[in-house]
Amino acid sequence: MAAGKGTRLKSKHPKVLHEVGGKPLLAHVIAAATKVVPAKDVYAIVGHEAERVRKAVAHTGIGFVLQEPQRGTGHALMVAREAMSSYDVVIVLSGDAPLITSETIEKLRDFHLSKKAAMTLLTAQLSNPTGYGRVIRKSSGDDVKAIVEEKSTTSAQRKIREINSGFYAFDVKVLLGNIDKLSTANAHDEYYLTDMAGVLNQSIARVVAIETSNAHEILGSNTRAELAEIDQHMRAAKCQTLMAEGVTIFYPHTCVIDNDVQIAADTVIEPFVQIYGNTKIGGDSVIRSYSVIHDSEIGDGVLILPGCILDGAIVKANARLGPYSHLRPGSEISEGARVGNFVETKKIKLGKGSKANHLTYLGDAEIGEGVNIGAGTITCNYDGTNKFKTIIEDGVFIGSDSTLVAPVTIKKGAYVAAGSCITEDVAADSLAVGRVRQTVKEGWAKRKRESVASRK
């Protein structure tokens, strides 16, 4: 179910699109569900900002049901009749509870089938159940008498710690045969799915409950504080998993690592590193503090010094970055290459063993092997309207403070003198000098000082 507004989040954005662990709440729930059944058998019931929600998770291949208007959780299943009608069992998940696991979903399904129940609730024991509906069991153990919202509980019922999670399994035939018995006789004039427990009991259909072994799994995201708590829990679990797989993470509570990040064994992650999206990092690499990496691929044995920013970059084995390098989308750094302090790259390929160590901008460039890019070099790739490419072939030496005005090609083995502005292609093994000849005026500085002094 993913149709709600999330009023308590105080946000103009759909509740289920708020992110934890690097992706939308709903995406986590879909990922768990599609480990249990194929994507074609998963449906998101959407309503508020429906098109935005569809677009955000369309790549998963699931189906959608539109709930318009949104008149409660019971109404959500009413509008999903057609989607459910071809199935024997439906499992209802909350789109804002991203910690649910496929194992727990399977456990709920299997318990439901084994009990031949009409409705099965997933419950949890909370030390502080305030705010949650309480599960009132019958004396037989598994069977449920009712779900009582907290505001309707008696003093005795308020002491019950078993709460309703909002996750259910239903016998579809029984559900559809009774769902129209739900009433809107409540303060919000809505159809509540929790009322199905009472409806089915009155119809002498079996309602049972199974308790999750991990209460964290059912936590919803109703407030910003709850979002932060779930995100923290998710990221801590991610770090624990990586460390169990052989990754060293110093001070893991200071690191931000998204759920889909992959890191191979024997890589070291220092404090205050942030790694986002679908980043993949090989083995035996070192990521030093304050680096931020997004949707990038990093090979084996790479050293990333402090303060580097990578976005959509590829860094191959044994390369070295930083400190304070900025690799923008389309940057490919080849094996053994070096990108140093305050160097920015965008849409380039830096060849094997090449280096740009200081204070340089390289954009829209193809740079060969064994190239030296001197400090202060700039590829001038933009004329205000269009982008142009710079090609630097193998073994080229670019002197410091050079500007290469694209489109331009520096051919194999050539030298560009320091301080040059290169606007034409440079032949192989030649020297290009693009600067005004130096002029020295003897005594000029002394005469200037004397002139200034005479006017005081």
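Structure report, in brief. (Residues numbered from 1 in each chain as written. Predicted model: local features only at pLDDT ≥ 70, side-chain atom pairs only at ≥ 80, totals over all residues. Heavy atoms only, no water.)

## Considerations on the overall build of the protein chain
Filter applied, for reference: The helix and strand labels rest on DSSP assignments: H or I over at least four residues marks a helix, E over at least two residues marks a strand, and numbering proceeds from the N terminus. Here the globule rule reads 2.2 Å times residues to the power 0.38, and the radius of gyration is calculated from C-alpha atoms. Type-normalised accessible area, obtained with a 1.4 Å probe on protein chains alone, sets the label of each residue: buried when under 20%, exposed when over 50%, and partly exposed for intermediate values. Working rule for contacts: check all heavy atoms of both residues, and any pair within 4.5 Å makes them a contact. What sets the accessible areas is the Shrake-Rupley method with a 1.4 Å probe; for residues, cover comes only from the shown protein chains. We count Lys and Arg on the positive side and Asp and Glu on the negative side, and we leave His and both chain ends out. Charged groups are reduced to one reference atom each: NZ for lysine, CZ for arginine, CG for aspartic acid, CD for glutamic acid.
Along the protein chain, the regular secondary structure elements total 9 helices and 36 strands. For the protein chain, whose C-alpha radius of gyration is 31 Å, the value lies well above the compact-globule estimate of 23 Å for 456 residues. Dimensions along the principal axes, computed over C-alpha positions, put the protein chain at roughly 105 × 55 × 40 Å. Out of the 456 residues in the protein chain, the part that is buried amounts to 46%. The long-range fraction of contacts in the protein chain, counting pairs at least 24 apart against all pairs at least 6 apart in sequence, stands at 37%. Counting only carbon and sulfur atoms, one obtains 51% of the accessible surface of the protein chain, whose full area is about 22,500 Å². Of the charged side chains in the protein chain, 55 are positive and 51 negative, and the gap between their average positions amounts to 6 Å.

## With respect to the nonpolar core
The condition is simple: What makes a nonpolar core is a set of buried Ala, Val, Leu, Ile, Met, Phe, Trp, Tyr and Cys residues whose side-chain atoms join them at distances within 4.5 Å.
Counting residues in each nonpolar core, the largest one holds 47 residues, and the members touching the most others are Leu310 and Ile410. Mapped by element, the contributors of at least two residues to this core are α8 (224-244), β26 (338-350), β27 (355-367) and β33 (408-410). Residue contacts for isoleucine 410: discarding those within four places in its chain leaves Ile391, Ile392, Glu393, Val396, Ile398, Val416, Ile422 and Val426. Counting residues in hydrophobic clusters, the runner-up holds 32 residues, among them Ala2, Ala44, Ala97 and Leu108.

## Some words on the pattern of salt bridges
Short version of the rule: By convention in these notes, a salt bridge is any Lys or Arg side-chain nitrogen within 4 Å of a carboxyl oxygen on Asp or Glu.
Evaluation of the coordinates by the stated rule reveals 18 salt bridges. Across the pair aspartate 180 and arginine 81 runs a salt bridge whose closest N-O atoms are separated by 2.4 Å. Placement of the pair is aspartate 180 in the loop between α6 (172-178) and α7 (196-202) and arginine 81 in helix α4 (residues 81-84), with a sequence separation of 99 residues. Since its relative accessible area comes to 29%, arginine 81 is described here as partly exposed. Between aspartate 110 and arginine 109 there is a salt bridge, and its shortest N-O distance comes to 2.9 Å.

## Some thoughts on helix α5 (residues 102-114)
Selection rule: The span you would expect from a helix comes to 1.5 Å times its residue count less one.
With 13 residues, α5 extends 18 Å from end C-alpha to end C-alpha; this agrees with the ideal 18 Å at 1.5 Å per step. For α5, every residue scored as buried is listed here: Ser102, Thr104, Ile105, Leu108, Phe111 and His112. Buried residues along α5 sit in contact with α1 (25-33), β5 (89-92), β6 (119-125), β9 (162-171) and β10 (207-211). Lysine 116 sits one or two positions beyond α5 and adopts a positive phi of about 50 degrees.

## Re unusual backbone geometry
Residue proline 69 is bonded to the preceding glutamate 68 through a cis peptide linkage, with omega at 0 degrees. Mapped onto the elements of the fold, proline 69 is located in the loop between β4 (63-66) and α3 (73-78). For the bond from glycine 322 to proline 323, the omega torsion is 5 degrees, close enough to zero to count as cis. If you trace the backbone, proline 323 turns up in the loop between β23 (320-321) and β24 (326-327). Positioned with a positive phi, aspartate 284 is a non-glycine residue whose angle comes to about 60 degrees. Relative to the helices and strands, aspartate 284 is located in the loop between β16 (280-281) and β17 (286-287). A positive phi angle, close to 55 degrees, is found at phenylalanine 342, a residue other than glycine. Here phenylalanine 342 is to be found in strand β26.

## So, α1
Residues three or four positions apart in an α-helix share a direction because the helix packs 3.6 residues into each turn. Burial within α1 is extensive, with 8 of its 9 residues counted as buried. Of all the residues in α1, the buried ones are Leu25, Leu26, Ala27, His28, Val29, Ile30, Ala32 and Ala33. Summarising the contacts, the buried residues of α1 are in contact with β1 (19-20), β2 (23-24), α2 (50-57), α5 and α8.

## Regarding the packing of aromatic side chains
Applicable threshold: Centres within 6.5 Å are what make two rings of Phe, Tyr or Trp a pair, Trp counting through its six-membered ring; a difference in plane orientation under 30 degrees is then read as stacked, over 60 as edge-to-face, and the rest as tilted.
This model, assessed by the stated rule, comprises 4 aromatic pairs. Residues tyrosine 324 and phenylalanine 342 carry aromatic rings whose centres are separated by 5.5 Å and whose planes lie at 15 degrees to one another, so their mutual orientation is stacked. Highlighted residues: tyrosine 324 in the loop between β23 and β24 and phenylalanine 342 in strand β26, separated in sequence by 18 residues. Classification of tyrosine 324 as partly exposed rests on a relative accessible area of 46%. Given the relative accessible area of 51%, phenylalanine 342 is considered exposed.

## Quick notes on the environment of alanine 146
If you trace the backbone, alanine 146 turns up in strand β8 (residues 144-148). Classification of alanine 146 as partly exposed rests on a relative accessible area of 22%. Spatially, the C-alpha atoms of alanine 146 and valine 208 are 10.0 Å apart, while their sequence positions differ by 62 residues. In this view, alanine 146 contacts Arg134, Val135, Ile136 and Asn201; residues no more than four positions away in its chain are not counted.

## Comments concerning the side chain of threonine 194
Its location among the elements puts threonine 194 in the loop between α6 and α7. Judged by its relative accessible area of 12%, threonine 194 falls in the buried class. When near neighbours in sequence (up to four residues on either side) are disregarded, threonine 194 contacts Ile147, Glu149, Asn164 and Tyr168.

## As for the pairing of β4
How we decide: We call two strands paired when DSSP finds no fewer than two bridges between them. The handedness rule is simple: strands pointing away from the viewer, and a clockwise path from the first strand over the helix to the second, make the crossover right-handed.
Judged by which residues are buried, β4 turns out to be one-sided: Gly63 and Val65 face inward and are buried, whereas Phe64 and Leu66, on the alternate face, are not. Relative to β4, strand β3 (residues 43-46) runs parallel, the two sharing 4 bridges. Paired with valine 46 across the strands is leucine 66, a residue of β4. Tracing the backbone out of β3, into α2 and back to the parallel element β4 gives a crossover that is right-handed.

## Some thoughts on the pairing of β10
Look at any regular strand and the pattern is simple: side chains alternate between the two faces of the sheet. Here β10 lies mainly inside the structure; 4 of its 5 residues are buried. Looking at chain direction, β6 and β10 are connected through 5 bridges and run parallel. Paired with methionine 119 across the bridge in β10 is valine 207.

What is shown is where atoms sit, not what they do.
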